[in-house]
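# Architecture and fold: a report
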Amino acid sequence: MADQDAQFPAGAEPPALPTLRWEEPPEGPVLVLLDQTRLPVEEVELVCTDVPALVLAIQTLAVRGAPVLGLAGAYGVALAAARGYDVDEAVGLLERARPTAVNLGSGVRHAAAAYRAALEKGAGPQEAAASALAAARELHRADAEASARMAAHGLALLDELLPGGGHRILTHCNTGALVSGGEGTAFAVALAAHRAGTLRRLWVDETRPLLQGARLTTYEAARHGMAYTLLTDNAAGSLFSAGEVDAVLIGADRIAADGSVANKVGSYPLAVLAKYHHVPFIVVAPVTTVDPGTPDGASIEVEQRSGQEVTEFMVPSVPVAGIDAGIGAGMPVAPLGTQAYNPAFDVTPPELVTAIVTEQGAISPVTGAALADLCARSRQVTIS
């Protein structure tokens, strides 16, 4: 395991991560992404000039994480409209890019609705494209605000469940600024605890097979000077049995109407371990991640990814002699022809979830009725 202690005061904040941004150079508008497949080796940006390039970035996980996928989808619609491409075709390509994360489709439809509404009111193509861009920017602003509120609600819940501070938090995958228009979801809560002086240790699952925890969460934790320790996914049980975990904080890619939570594969075993060891298991996600149209966990479509991600050890590659490899050139760890089971997500039932924290507050116990009430409150706030 790698171990890292806080190296500078909590008040010394690093610059914000430029996860994605809209730019308008003379040759036309583009969406610029921080290529997450290259982290932590180097910070490289991808410039998407069209929707197919953005779809590829989404599918290869150059941009990933539920909230930021919603933003990328919305900006993708704006990009297609601004460059004069077929918006309906762009919508279809983007919605199908990754099936499990509900925010992606939600962001796409939000920007597309703004575009079509402008056309119906008699706006020209350029004005309609501007409406789509304005919708994407509004989502971006709202997500940043939601992130800050989730951090506050999550910290208050931690302090209520674990009075006295000294929190030892276990997290899975990556849920920080790389997945958000703000500082993230679950990671934002841990960061708030760090700033409040109540975070004793952030335990970071490496998160197989693409090591989002090892590559990305540790990268963000180090930037903020947080005390963190990296562990292999299957070492979590040992950590629980040693009494070294006070709470588990994870994000979510889709929350069904009954409170079932789809998150990066490996989350469900953590919930089982937490239940057995009487440790709070807390999900942090914006209300946009709740999908009332998905009745239960069994109805969540779980993305199946290439077996190569399991049969080969995937690492970020730096360009050699001008060849830009990214993630994809792995080291074989299994015999040629080995079949692999590689779901991107697993589903945790609501009875294993202590609380769901959103920008509208926390619900506990997690029930379909409580979740529906939370969503209804969110709609009232949005309308007002």
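Note that this is a predicted model, so its numbers are computed, not measured.

What follows covers the side chain of E303. Mapped onto the fold, E303 is located in the loop between β12 (290-291) and α10 (308-311). A polar contact of 2.9 Å, which involves the side chain of E303, links it to the side chain of R98. Apart from residues no more than four positions distant in its own chain, E303 is found in contact with R98, P99, T100, N342, P343, A344 and F345.

With that settled, consider the nonpolar core. Core analysis: the largest hydrophobic core is formed by 41 residues, its most contacted members being L20, L33, L54, I58, Y75, V77 and L94. At the level of secondary structure, the elements contributing two or more residues to this core comprise β2 (20-23), β3 (30-34), α1 (51-59), α2 (66-82), α3 (87-95), α4 (102-120) and α5 (125-161). Other than its neighbours up to four places away in sequence, L20 contacts L31, V32, L33, V68, L71, A72, Y75 and H140.

If you walk across this open sheet you meet the 3 strands as β2-β3-β4, and the pairing is antiparallel. Because the sheet does not close on itself, it has two edges, and the strands there are β2 and β4 (45-48). Ignoring strand direction, the axes of neighbouring strands in this sheet form an average angle of 25 degrees. Strand direction decides the pairing type here: β2 and β3, joined by 4 bridges, are antiparallel. Note that in β3 the partner of W22 across the bridge is L31.

Next up on the list: the packing of α2 against α3. In helix packing, the relevant descriptors are the interaxial angle and the interaxial distance, both defined with respect to the helix axes. Relative orientation of the contacting elements α2 and α3 amounts to 155 degrees, with a least axis distance of 9 Å. What the angle tells us is that α2 and α3 run roughly antiparallel. For the element pair α2 and α3, the recorded crossing hand is right-handed. Packed against α2, whose contacting residues are G73, G76, V77, A80 and A81, the element α3 presents V87, A90, V91 and L94 at the interface. Among the residues making up the contact of α2 with α3, the classes are represented as 7 nonpolar, 2 polar and no charged.

Here β2 shows one buried face, formed by L20 and W22, and one open face, formed by R21 and E23. Hairpin connection of β2 to β3: 6 residues between the antiparallel strands, including G28 at a positive phi of 130 degrees.

Moving on: the side chain of N263. Here N263 is to be found in strand β10 (residues 261-264). Judged by its relative accessible area of 5%, N263 is buried. A polar contact is formed between the side chain of N263 and the backbone nitrogen of A252, at a distance of 3.4 Å. Sequence-distant contacts of N263, that is, excluding residues within four places in its chain, are made with I250, G251, A252, D253, A344, F345 and D346.

Attention now goes to unusual backbone geometry. The amide bond that connects L39 to the next residue, P40, takes the cis arrangement and shows omega of 0 degrees. Relative to the elements of secondary structure, P40 occurs in the loop between β3 and β4. One non-glycine residue, C173, adopts positive backbone phi at about 60 degrees. The residue C173 is located in the loop between β5 (167-171) and α6 (186-196) in this model. Residue C173 is classed as buried on the basis of its relative accessible area of 8%.

It is worth spelling out the sheet that holds strand β9 (residues 254-256) at this point. Ordered by their spatial adjacency, 4 strands build an open sheet running β12-β9-β10-β15, and the pairing between neighbours is mixed. The outermost strands of the open sheet, each flanked by one partner alone, are β12 and β15 (345-348). Bridging between β9 and β12 involves 2 bridges; their strand directions are parallel. Of the residues in β12, the one forming a bridge with I255 is V290. Helix-sheet contacts for helix α9 (residues 267-276) involve β10 and β15, and the interaxial angle to β15 is about 30 degrees.

Let us now look at the pattern of salt bridges. This model, assessed by the stated rule, comprises 16 salt bridges. Between E23 and R21 there is a salt bridge whose closest N-O contact spans 2.6 Å. With relative accessibility at 32%, the residue E23 sits in the partly exposed group. One salt bridge in this structure joins E303 and R98, with 2.9 Å as the shortest N-O distance. Here the residue E303 occupies a position in the loop between β12 and α10, and R98 occupies one in the loop between α3 and α4, the gap between them amounting to 205 residues. Like R98, E303 is buried. Salt bridges sharing common partners tie together R98, E303, R305 and E309.

If you check α4, its first and last C-alpha atoms are 27 Å apart, about what 19 residues at 1.5 Å a residue would give, namely 27 Å. Buried residues belonging to α4 abut α1, α2, α3, α5, β9 and β12. Following α4 by one or two positions, G122 has its phi on the positive side, about 95 degrees.

Cut-offs and rules
- Residues numbered from 1 in each chain as written.
- Predicted model: local features only at pLDDT ≥ 70, side-chain atom pairs only at ≥ 80, totals over all residues.
- Heavy atoms only, no water.
- Helix = DSSP H or I, 4+ residues; strand = E, 2+ residues; numbered from the N terminus.
- Polar contact = N/O pair within 3.5 Å; in protein donor to acceptor, adjacent residues only side chain to side chain.
- Contact = heavy atoms within 4.5 Å.
- Core = buried A, V, L, I, M, F, W, Y, C linked by side-chain atoms within 4.5 Å.
- Buried < 20%, exposed > 50% of the residue type's maximum accessible area, 1.4 Å probe, protein only.
- Pairing = 2+ DSSP bridges.
- Axes fitted to C-alpha atoms, helices over the stretch in contact; angles between N-to-C directions.
- Parallel < 35°, antiparallel > 145°, perpendicular 65-115°, else oblique.
- Left-handed = near helix turned anticlockwise from the far one by under 90°.
- Nonpolar A, V, L, I, M, F, W, Y, C, P; charged D, E, K, R; others polar.
- Salt bridge = Lys/Arg side-chain N within 4 Å of Asp/Glu carboxyl O.
- Expected span 1.5 Å × (residues − 1).

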